[in-house]
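Each chain is listed here by its residues.
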Amino acid sequence: MTSQPLARITPVQRPAAAPLMRRHKAAIIVRFLLSEGADIPLTDLPEELQQDLTQAMGQLRYIDRGTLADVLGEFASELEQVGLAFPDGLAGALETLDGRLSPETAARLRREAGVRQKGDAWARLAALDSDTLLGFFERESLEVSAVLLSKLPTDKAASLLARMPGDQARRVAFAVSRTEQVTPEAVYRIGISLATQIDQAPPREFVKPPANRLGEILDISNALTRDTVLTGIDQDDADFARALRGVILTFADLRHRLKPLDAPTLVRTVGDEDITAIISGATAEGDIATWEFLLSNMSKRLSDQLRTAARERTTADTATTEAAMSNVIRTVRQMQSEDKLELLPIPDPED
């Protein structure tokens, strides 16, 4: 048998490969970028696209260099044709316009389209105030409450547990013992469900509770106005009046609420004029006890100077004295907001 030269052998022609689907091309591009060390934020994609991409990548095995070059070339060509890209859907548009729309408009659009706010649901839940979180524990099942308690920061979870009625706290705490088999998917969906309730809630103009807002006003009101308002509210809503008394800070309260070491700083910040007006004009027993408390926690030289200045001035009238006391309270609140002092807890009436 005569052999033929190798050069004259005709190579076998393989059938052309089937065209790649776009999702397979996307999988090739993602795999190539990952192999080059690129950090691709796939979590920003909708969950369905993440699933499709993962399945397409699992269906591929080997891609020759020619196919890779063709896919990358096609991808680069499409990118060059893009002039401007818009966010995907209403959720993306709201994210792009975040901070540029009024809170009312953004909240209404989310509710009407059923779009939830982006971001880690559990991070958003952990940032909520205690009163809002307690509402979840009152409405949700024990299983959901146990997951919520477990996902919150430890200090916040402990604070919430302490504020629950005893029986509710016991049942939620016991339910935590049954969360060992809860899957990450279940926790994720619980977080999304709870966060969606936040998005669907109507926006609130006021962040602080009503008692705190009115309490800050009554803090610096004169004693007659404060007592009249409290008496009237007590007749209409005893619970609200009790909450008000828990947040109001009066000049007479300072002897119980102010740390002795903070007294010199407060007096120095307020100024001698208001302090001497209070010393010369205060008549109520609690007010007198408070200015004596302030002076007793200062150096003897400075306290003697203030006493002497108060004796040498004309006795302050009631309006001047109350205005000076209001300025002291205003200063305390300002220093408190700037973390320059910390008030002691309200003393127990029975102590």
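Just so you know, these numbers come straight off a predicted model, no measurement behind them.

A short note on the pattern of salt bridges
Tallied over the entire structure, the rule returns 13 salt bridges. The shortest N-O distance in the salt bridge between Arg163 and Asp131 comes to 2.7 Å. Taken as a pair, Arg163 in helix α9 (residues 154–163) and Asp131 in helix α7 (residues 130–139) lie far apart in primary sequence, 32 residues in all. When salt bridges with common partners are traced through the structure, they connect Asp167, Arg170 and Arg171 into a single cluster.

Some thoughts on the environment of Ser177
Examined against the element boundaries, Ser177 turns out to sit in the loop between α10 (166–176) and α11 (184–200). Between the C-alpha atoms of Ser177 and Ala146, which are 31 residues apart in sequence, the distance is 8.4 Å.

Details of unusual backbone geometry
A negative phi angle is the norm for most residues apart from glycine, just as the trans form is the norm for most peptide bonds. At Asp339, a residue that is not glycine, the phi angle is positive and equals roughly 60 degrees. Overall, the relative accessible area of 71% leaves Asp339 in the exposed class.

As for α10
Along α10, the residues classified as buried are Gln168, Ala169, Val172 and Ala175. Seen along its axis, α10 keeps its buried residues to an arc of 130 degrees; they face one direction. In this structure, α10 carries Gly166 and Arg170 as exposed residues pointing more than 90 degrees from its buried face. Of the surrounding secondary structure, the elements contacted by the buried residues of α10 are α7, α8 (142–151) and α9.

Focus: the packing of α7 against α9
Here α7 crosses α9 at 65 degrees, and the two axes come no closer than 11 Å. Between α7 and α9, the interaxial angle falls into the category roughly perpendicular. For the element pair α7 and α9, the recorded crossing hand is right-handed. Across from Ser130, Asp131, Leu133, Leu134 and Phe137 in α7, the residues of α9 making contact are Lys156, Leu160 and Arg163.

Quick notes on the packing of helix α17 (residues 272–281) against helix α20 (residues 318–337)
The contact between α17 and α20 brings their axes to 8 Å, and the two run at 130 degrees. Accordingly, the angle class assigned to the pair α17 and α20 is oblique. As for how α17 packs across α20, the hand of that crossing is left-handed. Only Thr320, Thr321, Ala324, Met325, Asn327 and Val328 of α20 make contact with α17, whose side of the interface consists of Asp274, Ile275, Ala277, Ile278 and Gly281. Of the residues that constitute the contact of α17 with α20, the class distribution is six nonpolar, four polar and one charged.

Section: helix α18 (residues 285–296)
Helix length check: α18, at 12 residues, gives a terminal C-alpha distance of 16 Å against a target of 16 Å (1.5 Å per residue), a fit within 8%. Among all positions of α18, only Gly286, Asp287, Thr290, Trp291, Phe293, Leu294 and Leu295 are buried. Among the structural elements, α15 (254–257), α16 (263–270), α17, α19 (300–312) and α20 are those in contact with the buried residues of α18.

Quick word on the side chain of Ser145
With respect to the helices and strands, Ser145 occurs in helix α8. Polar contacts involving the side chain of Ser145 include one to the main-chain carbonyl oxygen of Ser141, which spans 2.9 Å. Beyond its immediate sequence surroundings of up to four residues, Ser145 is in contact with Phe136, Phe137, Glu140 and Val172.

As for the confidence of the model for the protein
Scored by pLDDT, the protein comes out at a mean of 84, with 86% of its residues at no less than 70. Mean pLDDT in the protein bottoms out at helix α5 (residues 103–113), which sits at 65, and peaks at α18, which reaches 95. Every residue in residues 1–15 is under pLDDT 50, and counting partners more than four places away or in other chains gives zero contacts.

Calculation criteria
- Residues numbered from 1 in each chain as written.
- Predicted model: local features only at pLDDT ≥ 70, side-chain atom pairs only at ≥ 80, totals over all residues.
- Heavy atoms only, no water.
- Salt bridge = Lys/Arg side-chain N within 4 Å of Asp/Glu carboxyl O.
- Helix = DSSP H or I, 4+ residues; strand = E, 2+ residues; numbered from the N terminus.
- Buried < 20%, exposed > 50% of the residue type's maximum accessible area, 1.4 Å probe, protein only.
- Arc of directions from axis to C-beta.
- Contact = heavy atoms within 4.5 Å.
- Axes fitted to C-alpha atoms, helices over the stretch in contact; angles between N-to-C directions.
- Parallel < 35°, antiparallel > 145°, perpendicular 65-115°, else oblique.
- Left-handed = near helix turned anticlockwise from the far one by under 90°.
- Nonpolar A, V, L, I, M, F, W, Y, C, P; charged D, E, K, R; others polar.
- Expected span 1.5 Å × (residues − 1).
- Polar contact = N/O pair within 3.5 Å; in protein donor to acceptor, adjacent residues only side chain to side chain.
- pLDDT = per-residue confidence, 0-100.

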